[in-house]
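Here is how the chains run, residue by residue.
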Amino acid sequence: AGTCYQQAKRVLHAAVPERLHGRERETGVIREFLRDHVCGRRPGSLYVSGAPGTGKTACVSRILLDCQDELAGSKTIVLNCMSLRSPQSVFPAIAQHLGLPATPGREGLRRLEQQLTAPGPMVLVVLDELDQLESRGQDVLYTLFEWPRLPGSRLVLIGLANALDLPERSLARLTAHRAGSPQLLRFPPYTREQLSTILQERLAQVAGDPVLDAAALQFCARKVSAVSGDARKALDVCRRAVEVVELEVRSQTLLKPLPGGEW
């Protein structure tokens, strides 16, 4: 019995699934954006927002995996801004991925800008947890979102953040120029039905009898959708429920004699 619980806990981890249920529209928008801008060699930016656990990172990761062949002619850089020491550290991090020497300060910034406006393949930069780059005067965010608008730019930028109002709050000067403002995509919280399907799909990968009954899954989906619509929370709650069932089964097995009277 141990293995089915181990398997259940494994499939309930928040890894990138093969298929993202309930995110068909968002996946379509991101794919279209990549085709238009990276494959179509048109610099541009996309701002993806939504509360934690609404599938932003999973969606983008899945699409980057699925579109590897289409994006093969360009350079893709994925950074999680949580791992940066300061907002300004994003520039040397991008420069390093482009093989530029680590030059600090204004000079490093100038070299990076030159590189991104010189002829060459398109550069796709995906910045997860973009909220971390907010700084006094918002100079870091402005610089990044300005670069796709420069003459000769080959930068395509995708920023992912929890804050829905970051463009209005932090990029007001950019959004004033409609032509260069980022395209916006919002991920809504998952509904009860969507969470329920996500949990069922995950647990359907475990062979044998269901580890958790349908009522428990529905209860979990209803609770999480009422509070946050966060799929990671739903996966988490179910994983803990599997651990509880596993412990109960284990303690019962220890107390009961095995069939045939053998201990």
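For the protein, an unreviewed UniProt entry supplies the name CDC6 protein and the organism Syrrhaptes paradoxus.

S.K.: Can you walk me through the overall build of the protein in this structure?
M.R.: Per the secondary structure count, the protein includes eleven helices and five strands. Going through the 263 residues of the protein one by one, you find that 44% of them count as buried.

S.K.: Just to check I follow, could you spell out the pattern of salt bridges for this structure?
M.R.: Side-chain pairing between opposite charges can occur once the charged atoms of the two side chains come close. In the structure shown here, the tally under the stated rule is eleven salt bridges. Several salt bridges converge on common partners, so that one network encompasses R31, R62 and D66.

S.K.: Hey, could you run me through helix α2 (residues 24–39) in this one?
M.R.: A turn of α-helix holds 3.6 residues, and therefore any two residues three or four places apart point the same way. Spanning 16 residues, α2 covers 21 Å between terminal C-alpha atoms, matching the ideal 22 Å at 1.5 Å per step. All of the buried residues in α2 are E26, T27, I30, F33, L34, H37 and V38. In an axial view of α2, the angular spread of the buried residues amounts to 125°, which keeps them on one side of the axis. Residues of α2 that are buried in the fold lie against β1 (44–49), α3 (56–66), β3 (123–128), β4 (155–161) and β5 (183–186). Directly beyond the C-terminal end of α2, a positive phi value near 55° is found at R41.

S.K.: Looking at this structure, I do not really get the environment of Y190. What am I missing?
M.R.: Summarising the element assignment, Y190 is placed in the loop between β5 and α9 (192–203). For Y190, a relative accessible area of 5% gives the class buried. With near-sequence residues (within four places) excluded, Y190 lies in contact with L20, H21, R23, G53, T54, G55, L195, I198, S225, G229 and A231.

S.K.: Looking at this model, I keep getting lost on the packing of aromatic side chains. Mind explaining?
M.R.: Between two aromatic rings, the relevant description is the distance of the centres plus the angle of the planes. Evaluation of the coordinates by the stated rule reveals one aromatic pair. With centroids separated by 5.5 Å and ring planes inclined at 65°, the aromatic side chains of F91 and W147 adopt a geometry described as edge-to-face. Here F91, found in helix α4 (residues 90–97), pairs with W147, found in the loop between α6 (139–146) and β4; they are 56 residues apart in sequence, far enough to count as distant. With respect to burial, F91 and W147 carry one shared label: buried. If you follow R23 out to its NZ or CZ, it ends over the ring of Y190, 4.0 Å from the centre.

What counts and how
Residues numbered from 1 in each chain as written. Predicted model: local features only at pLDDT ≥ 70, side-chain atom pairs only at ≥ 80, totals over all residues. Heavy atoms only, no water. Helix = DSSP H or I, 4+ residues; strand = E, 2+ residues; numbered from the N terminus. Buried < 20%, exposed > 50% of the residue type's maximum accessible area, 1.4 Å probe, protein only. Salt bridge = Lys/Arg side-chain N within 4 Å of Asp/Glu carboxyl O. Expected span 1.5 Å × (residues − 1). Arc of directions from axis to C-beta. Contact = heavy atoms within 4.5 Å. Phe/Tyr/Trp six-rings, centres within 6.5 Å; stacked < 30°, edge-to-face > 60°. Lys NZ or Arg CZ within 6 Å of the ring centre and 35° of its normal.

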